[in-house]
Amino acid sequence: MKKIAIFASGTGSNFLAIHEKIKEKYLQCELAILVSDRPKSKAVKNANLRNIDTFSFTPKAYPNKDAFEKEIVHILKTHEVDLIVLAGYMRLIGPTLLKHYEGRIINIHPSLLPLYKGKDAVGQALSASAVQTGVTVHYVDSGMDTGTVIAQESCPIYDQDTRETLETRIHKIEHQLYPKVIKQLLEEK
Ligand code: GRF
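Calculation criteria
Residues numbered from 1 in each chain as written. Predicted model: local features only at pLDDT ≥ 70, side-chain atom pairs only at ≥ 80, totals over all residues. Heavy atoms only, no water. Phe/Tyr/Trp six-rings, centres within 6.5 Å; stacked < 30°, edge-to-face > 60°. Buried < 20%, exposed > 50% of the residue type's maximum accessible area, 1.4 Å probe, protein only. Lys NZ or Arg CZ within 6 Å of the ring centre and 35° of its normal. Near = heavy atom within 4 Å. Polar contact = N/O pair within 3.5 Å; in protein donor to acceptor, adjacent residues only side chain to side chain. Areas by Shrake-Rupley, 256 points an atom, 1.4 Å probe, with all protein chains shown as cover. Helix = DSSP H or I, 4+ residues; strand = E, 2+ residues; numbered from the N terminus. Nonpolar A, V, L, I, M, F, W, Y, C, P; charged D, E, K, R; others polar. Contact = heavy atoms within 4.5 Å. 1 Å grid on protein atoms, 1.4 Å probe; cavity = no way out; pocket = protein on both sides within 12 Å on 5 of 7 lines; lining within 4 Å. Points joined across faces, edges and corners; volume = space filled by probe spheres on them.

A.B. asks: Could you give an account of the packing of aromatic side chains, with specific residues and numbers?
C.D. replies: When we look at a pair of aromatic rings, we describe it by the centre distance and by the angle of the planes. Within this structure, the stated rule accounts for five aromatic pairs. Taken together, a centroid distance of 5.5 Å and an interplanar angle of 15 degrees make the contact between F55 and F57 stacked. When its relative accessible area of 12% is taken as the criterion, F55 is described as buried. Aromatic pair F57 and Y62: ring centres 6.2 Å apart, planes at 85 degrees, arrangement edge-to-face. We classify F57 as buried; its relative accessible area is 3%. Each member of the aromatic cluster is reached from another via a ring pair, and the members are F55, F57, Y62 and F68. One cation-aromatic arrangement involves K183 over Y26; the distance from NZ or CZ to the ring centre is 4.7 Å.

A.B. asks: Summarise the site of the ligand; cite the residues concerned and give the values.
C.D. replies: Around the ligand, the neighbouring residues are T11, G12, S13, N14, G88, I108, H109, P110, H171 and E174. Separating an oxygen atom of the ligand from a side-chain N or O atom of H171 is a distance of 3.3 Å. Within the side chain of E174, an N or O atom sits 2.4 Å from an oxygen atom of the ligand. Considered on its own, the ligand offers 370 Å² of accessible surface; in the complex 83% of this is hidden by protein. Among the elements of the structure, α1 (13-23), β5 (105-109) and α6 (163-188) are those that each provide at least two residues to the shell around the ligand. Partitioned by chemical class, the residues of the shell around the ligand number two nonpolar, seven polar and one charged.

A.B. asks: Tell me what's going on with the side chain of N14, and back it up with residues and numbers.
C.D. replies: One can find N14 in helix α1. Discounting chain neighbours no more than four positions away, the residues touching N14 are A87, I108, H171, E174, H175 and Y178.

A.B. asks: Account for the layout of surface pockets, with residues named and values stated.
C.D. replies: A water-sized probe rolled over the atoms picks out the places where empty space is left. There is about 900 Å³ of room inside the largest pocket. The wall of the largest pocket is formed by 37 residues, among which G88, Y89, M90, I108 and P110 lie closest to the centre. Among the elements of the structure, α1, β5, α5 (121-127) and α6 are those that each provide at least two residues to the lining of the largest pocket. If one sorts the elements of the lining of the largest pocket by residue count, α6 sits on top with five residues. Its residues placed into classes, the lining of the largest pocket shows 13 nonpolar, 15 polar and nine charged.

Written out as structure tokens, the structure is:
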């Protein structure tokens, strides 16, 4: 069975949505490990509660990105990970991880890329008074939200929307779209 690793820095609602789809057997894969750069994040707490293996680290404890990514690569190899799923991992992937996993790392971003790259894509869409935004799943390269797009789904923005209501609507789309794309990739490879 194929093995995936999920990388998350914060809440981890996508991580939990994917985990549910594995438990339901919609996704035929094993969640080998949750990797996090925030040991105190909700994502790590939830992984521990569910007895999912974790590797959480404090970036500042390492001399540079290469050093912690080398350790991550070692852990991923030990767990025989086939696909890396970034789900709210708030760091650019560096050359060390890319060298080993390029083409096997995907990310989800809350906008219709190439619109609203980088941080706070939801805030960017609201500030632009856009009437729609969306969700993109893409391969990860060395840039910020620049890799090849795999799937996109749009999401309307209503006049009365607040950040919270829009984020909720976007998350709902993410929790369906990400497992769907992962399923497709696992079946392809
Ligand atoms: C999601 O909106 C995702 O698109 C972005 O970060 C957010 C993570 O949310 N990359 P969560 O931690 O999965 O709840």
